[in-house]
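Chain and residue survey
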Amino acid sequence: MSLLNFLKSKTFLKQLILAVVAVFVLTFIMLQWLKVTTNHGEFETVPELKGKSIEVAKIELNENNLVMEILDSSNYNPDYPKYSVIEQDPIAGEKVKENRKIYLTLNPSGYRKVLVPGLTERTFRQAKPTLEALGFEIGKLTYVDNIAKDMVLDMSFEGEKIKPGDMLPKTSKIDLVLGNGTRPTSE
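The text that follows walks through the structure, step by step, so that each part is easy to find. Just so you know, these numbers come straight off a predicted model, no measurement behind them.

What counts, and where the lines are drawn
- Residues numbered from 1 in each chain as written.
- Predicted model: local features only at pLDDT ≥ 70, side-chain atom pairs only at ≥ 80, totals over all residues.
- Heavy atoms only, no water.
- Pairing = 2+ DSSP bridges.
- Helix = DSSP H or I, 4+ residues; strand = E, 2+ residues; numbered from the N terminus.
- Axes fitted to C-alpha atoms, helices over the stretch in contact; angles between N-to-C directions.
- Salt bridge = Lys/Arg side-chain N within 4 Å of Asp/Glu carboxyl O.
- Buried < 20%, exposed > 50% of the residue type's maximum accessible area, 1.4 Å probe, protein only.

1. Some words on the sheet that holds strand β2 (residues 67-71)
Overall, mixed pairing links the three strands, which are arranged β2-β5-β3 in an open sheet. Two strands lie at the open edges of the sheet, namely β2 and β3 (85-89), each paired on one side alone. Between one strand axis and the next, the sheet turns through 30° on average, direction left out of account. Two elements, β3 and strand β5 (residues 101-106), share four bridges in a ladder whose sense is antiparallel. From the neighbouring strand, Q88 faces β5, where its bridge partner is L104.

2. Focus: the pairing of β5
As defined by bridge partners, β2 adjoins β5 across five bridges and the pair is classed as parallel. Opposite V67, over in β5, you have K101 as the bridge partner.

3. Some words on the pattern of salt bridges
Following the criterion strictly, the structure yields five salt bridges and no others. As a salt-bridge pair, E69 and K101 come within 3.9 Å of each other at their nearest N and O atoms. Of the two residues, E69 sits in strand β2 while K101 sits in strand β5, which places them 32 residues apart along the sequence. For K101, a relative accessible area of 39% puts it in the partly exposed group. Notably, a salt bridge pairs E132 with K128, separated by 3.9 Å at the nearest N-O pair. Note that E132 and K128 are positioned in helix α4 (residues 124-133) at a spacing of four residues, about one turn of the helix. For K128, a relative accessible area of 33% translates into the label partly exposed.

Structure, rendered in structure tokens:
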């Protein structure tokens with residue numbers, strides 16, 4: 001029997017039709033299985049969590065069949081309570097599958113601490129941008145007799161003297177003692 005006669009035979013055509021039907025049946029069964037296991041068309045709505053405490057956020061996520069994942073909380077925001085949610089991903093109102101991780105960024109307890117730079121014997125003009133770049137604020141300026149006009153002679157925070165290397169919370173107001181350009185009188 002030649003190949004051409006075999007391809008025209010009823011046996012080959014039956015086998016070919018059975019193979020095509022089997023492929024369609026297996027594909028249909030696979031698609032139905034995927035629909036069931038992936039919950040096709042079923043979504044959970046992400047709740048609004050910004051400003052809520054971590055405990056409330058956990059309860060709301062559990063009620064919506066979602067999982068909480070906490071990210072690093074490094075940027076303090078004074079507009080939100082301590083340890084509350086300041087950012088979430090995905091955002092509120094989005095439709096997601098159940099058991100999806102919702103990434104939360106928490107508000108830390110306060111501003112992070114920053115190293116105080118060495119500013120003594122520098123001019124106020126140099127000291128001010130250095131402090132502001134680090135996130136500090138300039139507090140009270142006090143002038144004392146010293147021949148170096150506007151030279152930083154001393155630094156303090158809340159009445160306590162501070163020295164280079166001390167750690168203070170970001171946005172702290174640092175008071176400066178500056179020279180007024182007058183030679184000190186010796187009495």
